[in-house]
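Listed below are the residues making up each chain.
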Number of protein chains: 4
Amino acid sequence: MTQPDAAPEPTGRSPTRNKGRLEALSDGVFAVAITLLALDLAVPATLHSQQHLLDAIGDEWPAYLGYVVSFATIGAIWLGHNAITDYLERADVTLLRLNLLVLLFVSFLPFPTRLLAEYVSKDTAERVAATVYGLTLLASSGVLSLLWRYSLHAGLVRPDASDDEITVLTKRLSPSLVVYGLLIIIGFFVPVAAVIGYLLVALYLLIPVHPALRRRRMAKKAVAK
Amino acid sequence: MTQPDAAPEPTGRSPTRNKGRLEALSDGVFAVAITLLALDLAVPATLHSQQHLLDAIGDEWPAYLGYVVSFATIGAIWLGHNAITDYLERADVTLLRLNLLVLLFVSFLPFPTRLLAEYVSKDTAERVAATVYGLTLLASSGVLSLLWRYSLHAGLVRPDASDDEITVLTKRLSPSLVVYGLLIIIGFFVPVAAVIGYLLVALYLLIPVHPALRRRRMAKKAVAK
Amino acid sequence: MTQPDAAPEPTGRSPTRNKGRLEALSDGVFAVAITLLALDLAVPATLHSQQHLLDAIGDEWPAYLGYVVSFATIGAIWLGHNAITDYLERADVTLLRLNLLVLLFVSFLPFPTRLLAEYVSKDTAERVAATVYGLTLLASSGVLSLLWRYSLHAGLVRPDASDDEITVLTKRLSPSLVVYGLLIIIGFFVPVAAVIGYLLVALYLLIPVHPALRRRRMAKKAVAK
Amino acid sequence: MTQPDAAPEPTGRSPTRNKGRLEALSDGVFAVAITLLALDLAVPATLHSQQHLLDAIGDEWPAYLGYVVSFATIGAIWLGHNAITDYLERADVTLLRLNLLVLLFVSFLPFPTRLLAEYVSKDTAERVAATVYGLTLLASSGVLSLLWRYSLHAGLVRPDASDDEITVLTKRLSPSLVVYGLLIIIGFFVPVAAVIGYLLVALYLLIPVHPALRRRRMAKKAVAK
């Protein structure tokens, strides 16, 4: 049994093909993971007499909170992944493997989400659930950042990408170690606060505030020239 | 942690790439959402002695109705989404985010479908289920319309699209606020009627009546020239 | 609310784009449907004391038979679908809708498969399950055939496709009304026989016997020239 | 009913199209199979009084082990599949069918994974589960190897692929009959050892050790020239 890596990489022949399938597999995993989240939204099975369905749905608020946080987080990771592959000229065998690691954490996320939905507001269990959740988020963003750093290191990035662009993307993908680390610690004391923190991080990454600013800046530069 | 948006958009370099992955992720979510609907069709677990399986299946008619309505609705949203991306020249970071919002509602739809299947013909619960369902449909079509309006506003539409074509698509994607709004109100009184209304709306959007008319009109014009 | 069809079809601009997304959505649905089949293979939950796991697995043979028949059938439909789109030059709005109908039956198939797995060898219920299953297969192959006939009728097929090729594909996609019809009738009396018949049909469509013959024929022709 | 194969293959017209859809369907199945694995990670439903959630999660270690082994294995199969299609110039009807067989085993893998998670550490049942799991891995890698050998045999490989590259890939895809066979036998006596063996095989195929060596070798050759 020889390692796949022992296969001479088809250099110069189909540099973009590997990248195409990397993207196809990734988009598939992102799509399935995002859609499976809704599968875990349980329909209240039995209503206590006189209880309104609306109340029964309301009682399951942790499931909805978890759903929104995880959807936003996977969305944010997808945006980052998208930005990385946009700069890639080609993929090598190591990148394909690192990408599998990203997908491992993305496809795993529905599990801590279920854990959170089940155990939020249940004492010590709540703390465990929030910590597992936070660690998964930390690992995801860490590996995504690694994917980009490896691309740079291995010379897989398009030569026409400016140094400026590369620096900005590098910063943007910085694993947010500090923020996630802090939230994990906060989660030991006030788990719900950590979960809300994770939501805020995801929303911050998702909601386009800066582009408007940037466009204005770029317009200014264009005028200055 | 810098916002993804702070990353200089790779202008002019790979304008269609972002669009490609937007479509890939979207098609994945549409495909999974459509197929998961059938997962919620429960097989009658135990037959009462002497009960025919056909009767047991028949008893679960709300599940089948919900299945058909949701399938038709997701199909109609996909057609609209398809029409939008067909006119897009490229995607920017904001569009990617708005698209994630569309996918949020599409992937969420199986949940209100389950709710409907479970609680139709169960008094007050029925009303809640029909309303949640209607609001999800309203939100989906509203966000899809927003996606198109933003594309126009941000200049992402292909320059060779005629004003006529753009006007028609804008009308077509108008959120149908009035119709859905009316059906939601009807649903407070006769929930099943609202559900049948949602089916009719989806079928109206799906069944190609107009193209035949349009083709005839176009043929006339061609003759006139 | 205007019908999507009222939107002027972007003629001559992106004829292949619509086709691309038709294929992407279809491949997604086929992939999910095929993979979900395995989700319905239940792990024997509790073993009666002294019962061997192998026996417990063996007891669920209808589930495995159903799995194989449905996998083979979806595979055969995919091959047919693939052959059709291979000949398509472009897709119009009606074709997108007919394709959604194909996907409706493909994504529905896991449900009658579960029904079959649950009720085979259970008297009258068995008959109902086999009939529902057969009708779904009949509908799938009927709609697939319709998809091809519409493509021909609407002039969506590539002009360089020879009449010979078209005739052969038309025959191949003929809904097998007679065979499936016969099997449905047989299923009323001996349901298991019908299921095995469905398997044989799928295998016949899947196992490549003819290509070898054909290649020989083509080689002969080449020599004759 | 004529066999699909009887349809004259559209020679020379769209050789790469078939390949495109083969990849699209495959990536879909790989993505769904990989993501569904996490669906089988059960959230501990009820905690015994005083039991810590962490302990309850720890008790389900076989599920996590199975998850990691299966994820790594599907990842390794995907890398092999990717390498094969990278060398393909086109796909013929037989290849499409062989590929369906690969997908059959890939999409089936979540079932033996569940079996393993349920029955590891349960006496004789454990042995059955480990054997079923091993046989599925053996079949997957066997069929993948067959896919490549057929491609070579049928002349579907790109003419510009060097004999060296082809030999290396052939070796790499060799079904590992011996290793998997040995592990299956070991599994009869110490099932957990076999499972850890499957993990090591997958990791060996996944972790890029050799590329570094290879690159050094290639650099040397380049210098030698």
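What counts and what doesn't
- Residues numbered from 1 in each chain as written.
- Chains lettered and ligands numbered in written order.
- Predicted model: local features only at pLDDT ≥ 70, side-chain atom pairs only at ≥ 80, totals over all residues.
- Heavy atoms only, no water.
- Helix = DSSP H or I, 4+ residues; strand = E, 2+ residues; numbered from the N terminus.
- Buried < 20%, exposed > 50% of the residue type's maximum accessible area, 1.4 Å probe, protein only.
- Contact = heavy atoms within 4.5 Å.
- Areas by Shrake-Rupley, 256 points an atom, 1.4 Å probe, with all protein chains shown as cover.
- Axes fitted to C-alpha atoms, helices over the stretch in contact; angles between N-to-C directions.
- Parallel < 35°, antiparallel > 145°, perpendicular 65-115°, else oblique.
- Core = buried A, V, L, I, M, F, W, Y, C linked by side-chain atoms within 4.5 Å.
- Salt bridge = Lys/Arg side-chain N within 4 Å of Asp/Glu carboxyl O.
- Expected span 1.5 Å × (residues − 1).
- Phe/Tyr/Trp six-rings, centres within 6.5 Å; stacked < 30°, edge-to-face > 60°.
- pLDDT = per-residue confidence, 0-100.
- Patch = residues over 30% accessible without salt bridge, like charges linked within 9 Å, V, L, I, M, F, W, Y side chains within 5 Å.
- Left-handed = near helix turned anticlockwise from the far one by under 90°.
- Nonpolar A, V, L, I, M, F, W, Y, C, P; charged D, E, K, R; others polar.

Undergrad: What is the right way to read the overall build of chain A from this model?
TA: In terms of helices and strands, chain A carries ten helices and zero strands. When the helices and strands of chain A are read in sequence order from the N terminus, they spell out α-α-α-α-α-α-α-α-α-α. Taking all 225 residues of chain A together, the buried fraction comes to 60%. For chain A, contacts bridging at least 24 residues in sequence account for 79% of all contacts bridging at least 6. Here chain A displays about 9,000 Å² of accessible surface, and carbon together with sulfur accounts for 66% of that area.

Undergrad: Honestly, the environment of L98 of chain D in this entry has me stumped. Any pointers?
TA: Residues and elements named next belong to chain D. Along the polypeptide, L98 turns up in helix α4 (residues 93-108). With 52 residues separating them in the primary sequence, L98 and Y150 have C-alpha atoms 8.8 Å apart. The contacts of L98, once residues within four sequence positions are left out, are V143, L146, L147 and Y150.

Undergrad: What's the story with the packing of helix α4 (residues 93-108) of chain B against helix α5 (residues 110-119) of chain B in this structure? I'm lost.
TA: Angle between the axes and distance between the axes: these two values describe a pair of packed helices. Residue and element names in this part refer to chain B. One can describe the packing of α4 onto α5 by two numbers: an axis separation of 5 Å at closest approach and a directional angle of 25°. Here α4 lies roughly parallel to α5, going by the angle between them. For the pair formed by α4 and α5, the contact residues are V106, S107 and F108 on the first element and P110, F111 and P112 on the second.

Undergrad: It is not clear to me how the nonpolar core should be interpreted in this structure. Could you clarify?
TA: Generally speaking, a soluble globular protein has its nonpolar side chains buried in company with each other. Counting residues in hydrophobic clusters, the biggest one holds 292 residues, and the most contacted among them are Y198 of chain A, Y198 of chain B, Y198 of chain C together with Y198 of chain D. In this structure, Y198 of chain A is in contact with V69, A130, Y133, G134, L137, Y180, L183 and I184 of chain A, ignoring residues within four places of it in sequence. Core analysis: the second largest hydrophobic core is formed by eight residues, V32 and L36 of chain A together with V32 and L36 of chain C among them.

Undergrad: How should the pattern of salt bridges be read in this particular structure?
TA: All names here are of chain B. Evaluation of the coordinates by the stated rule reveals eight salt bridges over all chains. The partner of D86 in a salt bridge is R158, and the shortest N-O contact between them spans 3.6 Å. You can see D86 sitting in helix α3 (residues 61-87) and its partner R158 sitting in the loop between α6 (123-153) and α7 (163-172), a full 72 residues away along the chain. Across the pair, exposure class does not vary: D86 and R158 are buried alike.

Undergrad: Looking at this structure, how should I read helix α4 (residues 93-108) of chain A?
TA: For the α-helix, the turn length of 3.6 residues means that residues three or four positions removed from each other point alike. With 16 residues, α4 of chain A should reach 22 Å at 1.5 Å per residue; the first-to-last C-alpha distance of 23 Å fits that figure. Taken across its 16 residues, α4 of chain A has 14 buried, putting it largely inside the fold.

Undergrad: What am I meant to see in the packing of aromatic side chains here?
TA: All names here are of chain A. For the structure on display, the rule yields 28 aromatic pairs over all chains. Seen from their ring centres, Y87 and W148 are 5.9 Å apart, and the 55° between their planes marks the pair as tilted. Here W148 lies in helix α6 (residues 123-153) and Y87 lies in helix α3 (residues 61-87), a separation of 61 residues in the sequence. You'll find Y87 and W148 in the same group, each marked buried.

Undergrad: Quick question: what am I supposed to make of the environment of L36 of chain B here?
TA: When you line up the elements, L36 of chain B lands in helix α1 (residues 15-39). Classification of L36 of chain B by relative accessible area gives buried; the value is 3%. On a C-alpha basis, the gap between L36 of chain B and Y67 of chain B in space is 10.0 Å, while along the polypeptide they are 31 residues apart. Residues within four places of L36 of chain B in sequence aside, it is in contact with T35, L36 and L39 of chain A together with L36 of chain C.

Undergrad: Looking at this structure, how should I read the confidence of the model for chain A?
TA: Regions with low pLDDT should not have their predicted coordinates read in detail. All names here are of chain A. Summary statistics for chain A give a mean pLDDT of 80 and a share of 80% for residues scoring 70 or more. Mean pLDDT across the elements of chain A ranges from a minimum in helix α10 (residues 210-224), with 54, to a maximum in α4, with 92. Predicted confidence for residues 1-15 stays below pLDDT 50, and this span has 55 contacts to residues more than four positions away or in other chains. Our summary of model confidence lists the complex with pTM equal to 0.86 and ipTM equal to 0.82.

Undergrad: Explain a nonpolar patch on the surface to me, please; I cannot follow it from the model alone.
TA: Residue and element names in this part refer to chain A. A contiguous nonpolar surface patch, about 890 Å² in accessible area, is contributed by L177, V178, V179, L182, I185, I186, F188, F189 and V190. Mapped onto the elements of the fold, F188 is located in helix α8 (residues 177-189). Since its relative accessible area comes to 44%, F188 is described here as partly exposed.

Undergrad: Explain the packing of α3 of chain B against α7 of chain B here, please?
TA: All names here are of chain B. Where α3 meets α7, the axes come as close as 11 Å, and the angle between the chain directions of the two elements is 155°. The pairing of α3 with α7 is recorded here as roughly antiparallel in orientation. As α3 packs across α7, the resulting crossing turns out to be left-handed. Residues L79, G80, A83, I84 and Y87 of α3 pack against E165, L169 and R172 of α7. The residue inventory of the contact of α3 with α7, partitioned by class, reads five nonpolar, one polar and two charged.

Undergrad: What should I look at first to understand the side chain of T136 of chain D in this one?
TA: Mapping T136 of chain D onto the fold places it in helix α6 (residues 123-153). The residues contacting T136 of chain D, other than those within four sequence positions of it, are F105, F108, L109 and P112 of chain D.

Undergrad: Before we go on, may I ask you to explain the environment of F30 of chain D in this structure?
TA: With respect to the helices and strands, F30 of chain D occurs in helix α1 (residues 15-39). Distance in space between the C-alpha atoms of F30 of chain D and A91 of chain D is 19 Å, their sequence separation being 61 residues. Ignoring anything within four residues of it in the chain, the contact list for F30 of chain D reads R21 and L25 of chain A together with I74, I77, W78, H81, L103 and V106 of chain D.

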